[in-house]
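Report on the structure
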Amino acid sequence: MAPPTGPHLSPFRRQSRQEKLYQAKLESLELFVRVIAHDLNGPLTGLNLTLQACKKLAKTAAMHKLLDTMDHDLSSATRLLEELKSLNKREIFRPQPLDISSEIAKLAEQVSATPRLPITIEVSAGAGRLPVAGDLSRLRRAWQNIIRNVIDAAEARGGEKVKLNIFTRRTGNFARIQFADNAGGIARSRVSRVFEPFFTTRGEKNRGLGLFIARKIVGEHAGKIRVVSKKPFTRVTIDLPLMP
Ligand SMILES: Nc1ncnc2c1ncn2[C@@H]1O[C@H](COP(=O)(O)OP(=O)(O)OP(=O)(O)O)[C@@H](O)[C@H]1O
Ligand SMILES: [Mg+2]
């Protein structure tokens, strides 16, 4: 029997069909990842080591510039590999007790130390600790993907300084993290698609995996993620269950 369609379809039902689509795409991605991730790891690590050695030997400014460009491209390839590896459901999930407020503060400090960052980050934390059983490296990946998007949007705007406010606080039994930026916003017609794998508006250099992966990681923590946008603002909200 054909699946029901039309306006009578409840949002709940629509959601579950969308979930199935994500699941099917995820499974084919995982197969792809298993085939290539291992083989790519070795050469990329080798290239990176060689590049760092070349940087030590390079004598002229022109050579340094070329090697910096190579470094940038290599980092982008390495990031892609890490993203693909993190799609692999066999990756071990290692939850540990952590305080969301202090982890967010640490990450914001690290990102803020990046040279020539086109955004200013401000963190506001509500009172008290936000204890969550989480896999820190996975959660950091999700948060970094969200921050990366703000950086990408700021770069696309060309130089105009963008602000990212990160709020952490308790709401009911959840630790809430909100990333609010003024980097341009997302068109209303696109906002519902941002969690789809391979959905990107950023052309060749992006893969459209950042929010898909963030959503997967938040889901692994039994949390929720949503995006709202009204130009030029975007707000990404993550709720993670607090430890009892
Ligand atoms: N803070 C933001 N401001 C403006 N647009 C955003 C923001 N966050 C997400 N988007 C939009 O959502 C799309 C999907 O984001 P996602 O992170 O999944 O993929 P991507 O950034 O395009 O690629 P990748 O993360 O794999 O490099 C982006 O292409 C962009 O159009
Ligand atoms: Mg992204």
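Treat the numbers as computed from the prediction; the structure is a model and nothing was measured.

**A word on the overall build of the protein chain**
A count of helical and extended segments in the protein chain gives six helices and seven strands. Overall, the protein chain shows an N-to-C arrangement of helices and strands of α-α-β-α-β-β-α-β-β-α-α-β-β. By the compact-globule yardstick of 18 Å for 244 residues, the protein chain fits well, its C-alpha radius of gyration being 20 Å. With respect to the principal axes defined by its C-alpha atoms, the protein chain has extents near 70 × 50 × 40 Å. Buried positions account for 22% of the 244 residues belonging to the protein chain.

**Description of unusual backbone geometry**
Of the consecutive residues Lys-231 and Pro-232, the connecting peptide bond is found in the cis state with omega at 5°. Secondary-structure assignment places Pro-232 in the loop between β6 (224-230) and β7 (233-241).

**With respect to the site of ligand 1**
Within the structure, ligand 1 sits among 23 residues, and Asn-149, Thr-200, Asn-206, Gly-210 and Leu-211 are positioned closest to it. Contributing elements (two or more residues each) for the shell around ligand 1: α4 (136-157) and α6 (210-220). Residue contributions to the shell around ligand 1 peak at five residues, all from α4. For the shell around ligand 1, the per-class residue count stands at nine nonpolar, ten polar and four charged.

**Concerning the sheet that holds β6**
Judged by pairing direction, the sheet is mixed, and its five strands sit side by side in the order β2-β4-β5-β7-β6 without closing on themselves. Two strands bound the open sheet, and with one partner strand each, they are β2 (119-125) and β6. Sheet twist, expressed as the mean angle between neighbouring strand axes with direction ignored, is 15°. Examined bridge by bridge, strand β5 (residues 174-181) and β7 share eight bridges and lie antiparallel to one another. Bridging from a neighbouring strand, Phe-174 pairs with Pro-241 of β7.

**Some words on the domain arrangement of the protein chain**
Many analyses report the size of an interface as the accessible area lost when the parts associate. Structurally, the protein chain comprises domain 1 (11-86) and domain 2 (96-241). Centre-to-centre separation of domain 1 and domain 2, based on C-alpha positions: 20 Å. Put simply, the parts of the chain that give the side of domain 1 that touches domain 2 at least two residues each are α1 (11-57) and α2 (61-86). The element best represented in the side of domain 1 that touches domain 2 is α2, accounting for three residues. When the residues that make up the side of domain 1 that touches domain 2 are grouped by side-chain class, the tally is two nonpolar, one polar and two charged.

**Examining helix α3 (residues 100-112)**
In this model, α3 (13 residues) spans 18 Å end to end at C-alpha, consistent with the 18 Å of a helix rising 1.5 Å per residue. When α3 is considered as a whole, its buried residues turn out to be Ile-100, Ser-101 and Ile-104. Seen from one end, α3 has its buried residues packed into an arc of 95°, which puts them on one side. Structural note: α3 exposes Lys-106, Glu-109 and Gln-110 on the side pointing more than 90 degrees away from its buried face.

Reading guide: rules and limits
- Residues numbered from 1 in each chain as written.
- Chains lettered and ligands numbered in written order.
- Predicted model: local features only at pLDDT ≥ 70, side-chain atom pairs only at ≥ 80, totals over all residues.
- Helix = DSSP H or I, 4+ residues; strand = E, 2+ residues; numbered from the N terminus.
- Rg over C-alpha atoms; globule rule 2.2 N^0.38 Å.
- Buried ≥ 20, exposed ≤ 12 C-beta atoms within 10 Å, placed from the backbone.
- Near = placed C-beta within 6 Å.
- Nonpolar A, V, L, I, M, F, W, Y, C, P; charged D, E, K, R; others polar.
- Pairing = 2+ DSSP bridges.
- Axes fitted to C-alpha atoms, helices over the stretch in contact; angles between N-to-C directions.
- Domains from an automatic or database assignment.
- Expected span 1.5 Å × (residues − 1).
- Arc of directions from axis to C-beta.

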